[in-house]
Amino acid sequence: MKIQFRLNGRQVSLEAEPDRRLLDVLREDLHLSGTKEGCGEGECGACTVLLDGRPVNSCLVLAPQADGCDVLTVEGLASGSHLHPVQQAFVDAGAVQCGFCTPGFLLATVALLRENPTPSDEEILTALEGNLCRCTGYAKILTAVHLAARRMRGDA
């Protein structure tokens, strides 16, 4: 079936079987490898993308469900060679190690800060609870989210 959606600011149109996952279309058909497959069951958050501004596990979203929607992947965050403030904050806070989970954390953070520019620790942890990291622990991620929030508000 033919599906069309806006991907990282540009319109795309492609053929996809009704039972194909959005994750597979992004990685295999559109060659965007930033979205990772971790568990394939919606438990780890490595495949998080924003669908109409809301974080979703793309391993659980069928590609036709994205028809007519706005999809943002990690590849759509930076502007040319300038990192998005959330990406830069994660780098500056040392909140990345192996990087496998990072795209999911970045997109979940972007969604959080769009809705809540001054989140508390508890609100951050709640917003990111669907994203798992095996390397960094969560202290540096929490620091990165606060840093990004300050920078996006113009406080830093």
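Heads up: these notes are all about the structure in this document.

### Concerning the overall build of the protein
Along the backbone of the protein there are five helices and five strands. Order of helices (α) and strands (β) in the protein, N terminus to C terminus: β-β-α-β-β-β-α-α-α-α. Rg of the C-alpha trace for the protein: 15 Å, near the compact-globule value of 15 Å for 156 residues, within the 12% margin. Along the first, second and third principal axes, the C-alpha set of the protein runs to 45 × 30 × 25 Å.

### What to know about the sheet that holds strand E5 (residues 70-72)
Spatial ordering of the open sheet is given by E2-E1-E5-E3-E4, a layout of five strands whose pairing is mixed. A single partner strand is all that each edge strand has here, and the edge strands are strand E2 (10-15) and strand E4 (54-57). The sheet shows a mean angle of 40 degrees between the axes of neighbouring strands, taken without regard to direction. Direction of pairing for strand E1 (residues 2-7) relative to E5: parallel, over a ladder of two bridges. When the bridges of E5 are listed, Leu7 appears paired with Val71. Along the sheet, helix H1 (residues 22-29) contacts E1, E2 and strand E3 (48-51); its crossing angle with E2, the most-contacted strand, is approximately 100 degrees. Packing of helix H3 (residues 102-115) onto the sheet brings it into contact with E3, E4 and E5, and relative to E3 it is tilted by some 35 degrees.

### Points about unusual backbone geometry
A negative phi holds for most residues other than glycine; trans holds for most peptide bonds. The phi dihedral of Asn8 falls on the positive side, at around 50 degrees, and the residue is not glycine. Looking at the element boundaries, Asn8 is found in the loop between E1 and E2. At Asp52, a position not held by glycine, the phi torsion is positive, near 55 degrees. For Asp52, the location among the structural elements is in the loop between E3 and E4. On the accessibility criterion, Asp52 (48% relative accessible area) is partly exposed.

### Let's talk about the packing of aromatic side chains
Across all of its chains, the model carries one aromatic pair by this definition. A centroid spacing of 6.2 Å and a plane angle of 55 degrees characterise the contact between Phe105 and Tyr138, whose relative ring orientation is tilted. Of the two residues, Phe105 is situated in helix H3 and Tyr138 in the loop between helix H4 (121-127) and helix H5 (139-153); the sequence distance between them amounts to 33 residues. Overall, the relative accessible area of 36% leaves Tyr138 in the partly exposed class.

Thresholds applied
Residues numbered from 1 in each chain as written. Predicted model: local features only at pLDDT ≥ 70, side-chain atom pairs only at ≥ 80, totals over all residues. Heavy atoms only, no water. Helix = DSSP H or I, 4+ residues; strand = E, 2+ residues; numbered from the N terminus. Rg over C-alpha atoms; globule rule 2.2 N^0.38 Å. Pairing = 2+ DSSP bridges. Axes fitted to C-alpha atoms, helices over the stretch in contact; angles between N-to-C directions. Contact = heavy atoms within 4.5 Å. Buried < 20%, exposed > 50% of the residue type's maximum accessible area, 1.4 Å probe, protein only. Phe/Tyr/Trp six-rings, centres within 6.5 Å; stacked < 30°, edge-to-face > 60°.

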